[in-house]
Every structure is written in structure tokens, then in C-alpha cells.
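Residue-level structural notes
Okay, here's what each chain looks like letter by letter:
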Amino acid sequence: MELIQTTPDLSAYLAADEAVDHDHPRVREVAGRLAKEAEDSYAYARLSFEFVRDTIPHSQDSGDPRVTWRASDVLEQRTGICYAKAHALAALLRAEDIPTALCYQRFDVVHGLIAVRLDGAWHRQDPRGNKPGVDARFSLGREQLAFTPDRAAGEADYPELYAAPHPAVLEVLKAAADRPQLWQSLPAAL
């Protein structure tokens, strides 16, 4: 699948916004700590991916009712669904000047992940969090995402790479009082 930048200016994929708030002190602190362990951009990107995937539980898996959507809140509260974890990973990568896009897949509901630009190309990564049946890995080669769409069932990969969270995603995250309410309002398509 060919990934499509929705914004031609690569600098848009480095920008901070209300959800990908990489200028927040909490994001900067985590990014600085991870950067000290990395010898290059690839190692930093992999460490950031593993940090978000492995140390921030997916709130549905853990039963956490809190809804986070801002990267700094995800890192502070250590919880989030796929969209929120994608915002946190995008913020950590952008904090170290690695262009990062938000992207989506469609299953029963829309699933969020990121694409990182390294070695002159975009590479999708899914920091959702592993569990039985889900084994997402950081890779610049063959994708190893949490889920693979079943095209015969109407599932899909969206090829668009967004510089900011899709408005439909951000709207439901901001409006939800808790995760059970959020689960009732997740977008079915973009």
C-alpha cells in the first residue's frame, strides 16, 4: 500500500498540537531519558515505540476507565486506547525531530497507529500493546502491526498520513466521560 501524506510539507509532521503536545515538560522529560539510551534516530524510534507499547497499558485490556487523549496525559497517567497511545508515540518521536504521522485502519471501529519517517520513507508502527493474539513489533522492513484488515469482511487500511489527529477521533476522545462511554461512540469509519 502506498502511504499518502495529507500535507506535502514534511515540517507539519514535526509540529506540536493540542493532542501531540511534544513541547510539554512531561513529554520532553521522557524523550530526554529515552534519547540518552539511543545511539541514533533508529534506536531512539525503536525505544520510544517499545516504551509506549510495553509500559502504557491499553485501557481496554487493563480495564482502566480513564480516557486520555493528550500525549502528556497518556505519559502521566500511563493509560490510553490505541489513538491516545499513537498520540504519545508521535509526540515522543517529534520531540526528537523525527517526522511522525497519525494513520488509521478500519475494523468494527477505526483503529489508530502511527507512521514514522526514517531512511527516506514512511513506516507504519502500532504501539497499541501486545496481548495474546497481538504481536506488534517495530520494523522498517515488513510491517508487523497489531491487526491485519480482512478485506473480504470490509476491513481496510487507510493510506492517508495525517499531521494531526483526525477530527472524528479527537472529537470522541474529548467528549467521553469514561472508556465505557467512549466505546459506544468510537467512529466506524473516517
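Scroll up a little and you will see the structure.
Let us look at the structure shown here. (Residues numbered from 1 in each chain as written. Predicted model: local features only at pLDDT ≥ 70, side-chain atom pairs only at ≥ 80, totals over all residues. Heavy atoms only, no water.)

1. Examining the nonpolar core
- In this structure, Y83 and L92 are the most contacted members of the largest nonpolar core, which totals 52 residues.
- Taken together, the elements giving at least two residues each to this core come down to α1 (25-37), α2 (41-55), α4 (71-77), α5 (82-95), β2 (100-106), β3 (110-118) and α6 (167-175).
- No other element matches the 11 residues that α5 contributes to this core.
- Residue contacts for L92: discarding those within four places in its chain leaves V27, V30, A31, L34, Y44, S48, F51, V52 and L75.
- In this structure, Y13, L145, L161 and A163 belong to the second largest nonpolar core, which totals 10 residues. (Core = buried A, V, L, I, M, F, W, Y, C linked by side-chain atoms within 4.5 Å. Buried < 20%, exposed > 50% of the residue type's maximum accessible area, 1.4 Å probe, protein only. Helix = DSSP H or I, 4+ residues; strand = E, 2+ residues; numbered from the N terminus. Contact = heavy atoms within 4.5 Å.)

2. So, the environment of A19
- As for its placement among the helices and strands, A19 is situated in the loop between β1 (4-5) and α1.
- Spatially, the C-alpha atom of A19 lies 6.4 Å from that of H87, the residues being 68 residues apart in sequence.
- Excluding residues within four positions of it along the chain, A19 makes contact with W69, R70, A71, H87, P165 and L170.

3. Quick notes on the packing of α1 against α2
- Close contact between α1 and α2 brings their axes to 9 Å; oriented N to C, the two are set at 130 degrees. Relative to α2, the element α1 is oriented oblique. As for how α1 packs across α2, the hand of that crossing is right-handed. Here α1 contributes V30, A31, R33, L34, A35 and E37 to the contact with α2, which in turn contributes Y44, L47, S48 and F51. (Axes fitted to C-alpha atoms, helices over the stretch in contact; angles between N-to-C directions. Parallel < 35°, antiparallel > 145°, perpendicular 65-115°, else oblique. Left-handed = near helix turned anticlockwise from the far one by under 90°.)

4. What to know about the pairing of β3
- Burial analysis of β3 places 8 of its 9 residues in the buried class, which makes it a mostly covered element.
- Pairing between β2 and β3: 7 bridges, direction antiparallel. Residue pairing in the sheet places C103 in a bridge with L113 of β3.
- Judged from the 5 bridges that link them, β3 and strand β4 (residues 121-125) form a sheet pairing that is antiparallel. In the strand pairing of β4, I114 is matched with Q125.
- What sits between the antiparallel neighbours β3 and β4 is a turn of 2 residues, in which D119 has the positive phi angle 55 degrees. (Pairing = 2+ DSSP bridges.)

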